[in-house]
Amino acid sequence: MATDQTNSADVLIAPVPGPGALRHRLEEAILGDIASGRLAPGTALPPSRTLADALGISRWVVTEAYGHLVGKGVLEARTGSATRVAAVAPVADGGAGRATAGPGRASPRLERAPERATHDLAPGVPDLRHVPRDAWLRAAREALAEATNQDLGAQPPAGHPAARAAVATHLRRSRIVSGPDDAVVLTRGAADGMSRIAAALAAAGHTHLLVEDPSWAALRDVAAAAGLTPVPVPVNDAGISPARLRAEAARTGARAALLTPAHQFPLGAALPDERRAVLLDWAREVDGLLIEDDYDAEFRYDRRPVPALQGLDPDRVLLLGSTSKTLAPAFGIGWMVVPQRWRAPVLDVSVRRGPAPGPATLDQLTLARFVGDGAYARYLRAARTRYARRRAALLDALDRELPGARIGGIAAGMHVTVDLAGVRAGADGVDAADVVREGAARDVALVDVRRYQAAPSARSTVLVVGYGNLADARLPEAIRSLRAAVEAAGAG
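All residue numbers refer to position in the chain's written sequence, counted from 1. In view of the model being predicted, local features appear only for residues whose pLDDT reaches at least 70, and side-chain atom pairs are presented and counted only at 80 or more, with totals across whole chains, interfaces and linings using the full set of residues. Water and hydrogen atoms were dropped before computing side-chain values, which therefore reflect all heavy atoms in the structure.

> Could you give an account of the sheet that holds strand E8 (residues 256-259), naming the residues involved and the relevant values?
Note on pairing: DSSP must find at least two bridges between two strands before they are called paired. A run of H or I in DSSP becomes a helix once it reaches four residues, and a run of E becomes a strand once it reaches two; helices and strands are each numbered from the N terminus. Strand order in the open sheet made by the eight strands is E4-E11-E10-E9-E8-E5-E6-E7, with mixed pairing throughout. The outermost strands of the open sheet, each flanked by one partner alone, are strand E4 (184-187) and strand E7 (239-240). One ladder, built from four bridges, connects E8 with strand E9 (residues 289-293); its direction is parallel. Bridge assignment links Leu259 to a residue of E9, and that residue is Glu292. The contact definition used throughout considers only heavy atoms, calling two residues in contact when any of these lie within 4.5 Å. Axes here refer to lines fitted to C-alpha atoms; in helices the fit is confined to the stretch in contact. Angles between the N-to-C directions go from 0 to 180 degrees. Contacts from helix H8 (residues 242-252) reach strand E5 (208-213), strand E6 (229-236), E7 and E8, with the element oriented near 160° to E6.

> Summarise the nonpolar core; cite the residues concerned and give the values.
The nonpolar core is taken to be a set of buried Ala, Val, Leu, Ile, Met, Phe, Trp, Tyr and Cys residues, with the residues joined through side-chain atoms within 4.5 Å. To sort residues, take the accessible area from a 1.4 Å probe on protein chains only and compare it with the maximum for the residue type: under 20% means buried, over 50% means exposed, and anything in between is partly exposed. If you look at the biggest cluster of nonpolar residues, it comprises 62 residues, and the most contacted ones within it are Leu420, Val435, Leu463 and Leu482. Top element by residues in this core is helix H12 (residues 375-401). It accounts for nine residues. Setting aside its immediate chain neighbours within four residues, Val435 contacts Leu420, Val430, Leu446, Leu463, Leu482, Ala485, Val486 and Ala489.

> I'd love a proper account of the sheet that holds strand E13 (residues 415-419), names of residues and values included.
Across the sheet, three strands lie side by side as E12-E13-E15; this open sheet has antiparallel pairing. Strands at the two margins of the open sheet, each flanked by one partner only, are strand E12 (406-408) and strand E15 (462-466). Ignoring which end each strand starts from, the neighbouring axes of this sheet average 30° apart. Direction of pairing for E13 relative to E15: antiparallel, over a ladder of five bridges.

> Account for the pairing of E8, with residues named and values stated.
Alternating positions in E8 separate into two faces, Ala256 and Leu258 on one and Ala257 and Leu259 on the other, with burial throughout. Direction of pairing for E5 relative to E8: parallel, over a ladder of two bridges. Across the sheet, the residue bridging to Val211 is Leu258, located in E8. Orient the strands so they point away from the viewer, and a crossover whose first-strand-to-second-strand path over the helix runs clockwise is right-handed. On the question of chirality, the crossover connecting E8 to the parallel E9 by way of helix H9 (residues 273-285) is right-handed.

> Tell me about a positive patch on the surface, and please be specific about residues and values.
Only residues whose relative accessible area exceeds 30% and that form no salt bridge enter a patch; like-charged residues are grouped when within 9 Å of one another, and nonpolar side chains (Val, Leu, Ile, Met, Phe, Trp, Tyr) when within 5 Å. We get accessible surface area from the Shrake-Rupley algorithm with a probe of 1.4 Å; when it comes to residues, only the shown protein chains can shield them. Think of a salt bridge as a Lys or Arg side-chain nitrogen and an Asp or Glu carboxyl oxygen that are within 4 Å of each other. Counting rule applied: Lys, Arg positive; Asp, Glu negative; His and chain ends not counted. Working definition for charges: the position is that of NZ of Lys, CZ of Arg, CG of Asp or CD of Glu. Together, Arg138, Arg141, Arg378 and Arg381 make up a region of like positive charge exposed at the surface. Taken together, the elements giving at least two residues each to the positive patch come down to helix H4 (133-146) and H12. With respect to the secondary-structure elements, Arg138 resides in helix H4.

> Explain the packing of H8 against H9 to me, and be specific about the residues and the numbers.
Where H8 contacts H9, the axes come no closer than 10 Å and their chain directions differ by 20°. The angle between the axes of H8 and H9 places the two elements in the roughly parallel class. Crossing angle aside, the handedness with which H8 passes H9 is right-handed. Facing Pro242, Leu245, Arg246 and Ala249 of H8, the residues of H9 in contact are Arg275, Val278, Leu279, Asp281, Trp282 and Glu285. Small angles under 35 degrees read as roughly parallel and large ones over 145 as roughly antiparallel, with 65 to 115 read as roughly perpendicular and the rest as oblique. In a left-handed crossing the near helix is turned counterclockwise from the far helix by less than a right angle, and in a right-handed crossing that turn is clockwise.

> A description of the environment of Arg384 should follow, citing residues and the corresponding values.
Structurally, the position occupied by Arg384 is in helix H12. For the pair Arg384 and Glu298, spaced 86 residues apart in the sequence, the C-alpha separation amounts to 8.1 Å. Not counting chain neighbours up to four residues away, the residues in contact with Arg384 comprise Glu298, Phe299, Arg300 and Tyr301. Side-chain polar atoms of Arg384 contact the backbone oxygen of Glu298, separated by 2.7 Å. In protein, a polar contact means a hydrogen-donor-capable atom and an acceptor-capable atom, both N or O and within 3.5 Å, with residues adjacent in sequence counting only if both atoms are side-chain atoms; elsewhere, any N or O pair within 3.5 Å suffices.

> Now, about the pattern of salt bridges: what can you tell me, with residues and values included?
Applying the stated criterion across every chain, the model contains 28 salt bridges. Here Arg343 makes a salt bridge to Asp182, at a shortest N to O gap of 3.6 Å. Separated by 161 residues along the polypeptide, Arg343 in helix H10 (residues 340-352) and Asp182 in the loop between helix H5 (161-175) and E4 bring together distant segments of the chain. On the basis of relative accessible area, Arg343 is assigned to the buried category, the value being 16%.

> I'd like to hear about helix H11 (residues 361-372), residue by residue, with values.
With 12 residues, H11 ought to run about 16 Å at 1.5 Å a step, and its terminal C-alpha atoms sit 16 Å apart, in line with that. Positive backbone phi, approximately 90°, marks Gly374, located one or two places after H11. Here the expected length of a helix is defined as 1.5 Å per residue gap, with one fewer gap than residues.

> Would you mind going over the packing of H12 against helix H14 (residues 475-491) in detail, with residue names and values included?
The axes of two packed helices give the description: the angle between them and the distance between them. Running from amino to carboxyl end, H12 crosses H14 at an angle of 35°, the nearest separation of the two axes being 10 Å. Remark: the crossing between H12 and H14 carries right-handed chirality. From H12, Arg390, Ala393, Leu394, Ala397, Leu398 and Glu401 reach across to H14, where they touch Leu475, Ile479, Arg480, Leu482 and Arg483. Residues belonging to the contact of H12 with H14 are distributed by class as follows: seven nonpolar, no polar and four charged. In the scheme used here, Gly and all other residues not listed as nonpolar or charged are polar, with Ala, Val, Leu, Ile, Met, Phe, Trp, Tyr, Cys and Pro taken as nonpolar and Asp, Glu, Lys and Arg as charged.

Below, the structure written as structure tokens:
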């Protein structure tokens, strides 16, 4: 099929009206226009600056929307060419999960997940090449062989007792978590757990939730969907500001806060002991709750992992965790360690969600076996060694290819921040959104820190660079491609 030669400047795209982040609404509009056939395969989209001027919005919103859809395979970006609709774009039809192609084209196959970039520098994804498949399969076979008839019946709302006990034992050993086995509630992941506690908070009369800014937007969105208004609180190099948190709590009446104290996402700080103490004092004073997202706390390279905040006050801290960052998102298993007073409300929410609110019972029994025989602990030890080595190689490559960049974040997790303000890339410096777009054209997945800000700033020079799913052999080439993207963005 011939490429659409329509002048891209003549293509009008308007964000979907209604609530929600402007970037998300612009993405929905593009997806809808592709699904309807209005934007045919090969159609050139307006340059980000042109569309931003036409809509009267920030250019960042447009470049971020384009970059996200490029990463999903919906759009294509090539150096020296306009961003275009992919030849076969995987577009959801009305949220039903069906694919729609342009007129006269066969629908693309949706049974395959979108391929990730060759040079995957996006944060939040573990090393998918080292998923412990054999150990998990062995645990699954043994778990199924030993499952009783009762095990194969109805699923308890909080999860199977054996899996809850295994998770509780692991967390006591590795994260110094406090509480009985029945404090653990198994979930489908951190977002599922967040949705349950947010619903319980809303039912108890809470209206606002204090959140770190910047932070992982998905959990903010989940809380908002449950009826809580997210209240951003600034984060600096030492984590969330307790003084600002108190001020925002007093202003809004918020008595609950969502935190990443072991390794703040995305800025990478570990919350100091003095700030932890202040936050716990605040929670006791207001009869509040701290929700601790423990997403990659197992990975610390310069010392032993920081103990969970939950262990300091199990009555005031609810811990969220999952296997998404330690194993892979595909496992779909998570957990909460719930304070005594919130267990009944959380279970009420779970019961209302149907007969099987958590992961499949066989997956829970497999997890119990996988954790109980030490396979999980062995995998985590190997992963820590692998990530520590890769992080060191990444820092060396960044120092060599982008010597003016400032690297942020403690030696932990699977990402660093890269501030390009000191890189000489052009007369006006470099904007992170332009680097993301130039990176996509070179098959490099990059993320601008503004994706995680509650109110994105007008300009950014900071990238959040992940190394979890970056192949070691491709690391030098990936950073060279990053440098090329920075140079191209600066010259544009």
